Amino acid sequence: MSITFYYSPQSSAGRIRVSLAELDIPCEIVRVDLRAGDQKKPDFLALNPNGKVPTVVIDGTPMFESVAIQIALGERYGVQKGLWPAPGSPEQLTALTWLVWGQVTLTGTLFRYMGNTSEYFPKEMHNEKQAEQALTEMRDLLRILDGRLDGRPYLTGERCTLVDLDLASMLGWGLMAAKIDIAELKNLKGWLGRIAERPAVKAAMAET
Ligand SMILES: N[C@@H](CCC(=O)N[C@@H](CS)C(=O)NCC(=O)O)C(=O)O
């Protein structure tokens, strides 16, 4: 088994950094300097034509899109480590559901809100009505997530899985960047706090 991980700290690749550390899988880490444009060089584009991190090469096969990478890592290495439900189990269906919900529905809405409000995006692209609509949807989704965590410490039940780590990694950054307050969502707040305390998450957050 060989894994090469193309990584840049404080980016979408952080969630894969956390998964690899939690799974305790030996891998070669290649730093990609996004500011210097390493991701647009021909060698890198041959692995990921999108020119983005995370990108991994597992036993010679390149993969991109963090959701696909999380599923591959979970299924290959996570079951044994208790970080991914067994294939064919009801928990696996639940894990896939929340992972994709987090990456497609929740992240899509968050970025729509940020695209219309945040200083990360040019002011001339901001649209007040779109922002209002996206924020209403975002609040609904956060309430849904809070409800899922009611009486359940983690998304699939008693155990933390790569799905929790993935969603929490995106939300920990996203809620801060989008300046969305979740004080009244106690389950969500507690879950984010528990995950932020994990050594692999702390280590990834501290990397520069
Ligand atoms: N949907 C992709 C998003 C990847 C992505 O947007 N990566 C950013 C870092 S956060 C990137 O590499 N940007 C470099 C660029 O666009 O030049 C995933 O989840 O893997």
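For the structure, check the block above.
Residues numbered from 1 in each chain as written. Predicted model: local features only at pLDDT ≥ 70, side-chain atom pairs only at ≥ 80, totals over all residues. Heavy atoms only, no water.

A. A look at the environment of Leu93. Summarising the element assignment, Leu93 is placed in helix H4 (residues 90-115). Residue Leu93 is classed as exposed on the basis of its relative accessible area of 54%. For the pair Leu93 and Met125, spaced 32 residues apart in the sequence, the C-alpha separation amounts to 38 Å. (Helix = DSSP H or I, 4+ residues; strand = E, 2+ residues; numbered from the N terminus. Buried < 20%, exposed > 50% of the residue type's maximum accessible area, 1.4 Å probe, protein only.)

B. Up close: a nonpolar patch on the surface. On the surface, a nonpolar cluster with roughly 460 Å² of combined accessible area is contributed by Phe111, Tyr120, Trp173 and Met176. The exposed category is assigned to Tyr120, whose relative accessible area is 52%. (Patch = residues over 30% accessible without salt bridge, like charges linked within 9 Å, V, L, I, M, F, W, Y side chains within 5 Å. Areas by Shrake-Rupley, 256 points an atom, 1.4 Å probe, with all protein chains shown as cover. Salt bridge = Lys/Arg side-chain N within 4 Å of Asp/Glu carboxyl O.)

C. Main features of the packing of H4 against helix H6 (residues 162-178). Two elements in contact, H4 and H6, have axes separated by 10 Å at closest approach and are oriented at 10°. Considered as vectors, H4 and H6 are oriented roughly parallel to each other. For the pair H4 and H6, the sense of crossing is left-handed. Across the interface between the two elements, Ala95, Trp98, Leu99, Trp101, Gly102, Gln103, Leu106, Thr107, Leu110, Phe111, Tyr113 and Met114 from H4 touch Val163, Asp166, Leu167, Met170, Leu171, Trp173, Gly174, Ala177 and Ala178 from H6. Here the residues of the contact of H4 with H6 sort into 16 nonpolar, four polar and one charged. (Axes fitted to C-alpha atoms, helices over the stretch in contact; angles between N-to-C directions. Parallel < 35°, antiparallel > 145°, perpendicular 65-115°, else oblique. Left-handed = near helix turned anticlockwise from the far one by under 90°. Contact = heavy atoms within 4.5 Å. Nonpolar A, V, L, I, M, F, W, Y, C, P; charged D, E, K, R; others polar.)

D. Quick look at the site of the ligand. Around the ligand lies a shell formed by Ser11, Ser12, Arg15, Gln39, Lys40, Gly51, Lys52, Val53, Pro54, Glu65, Ser66 and Gln103. Gln39 is positioned with one of its side-chain polar atoms (N or O) 2.8 Å from an oxygen atom of the ligand. The side chain of Ser66 places a nitrogen or oxygen atom 2.6 Å from an oxygen atom of the ligand. Within the complex, 70% of the 520 Å² of free accessible area of the ligand lies under protein. (Near = heavy atom within 4 Å. Polar contact = N/O pair within 3.5 Å; in protein donor to acceptor, adjacent residues only side chain to side chain.)

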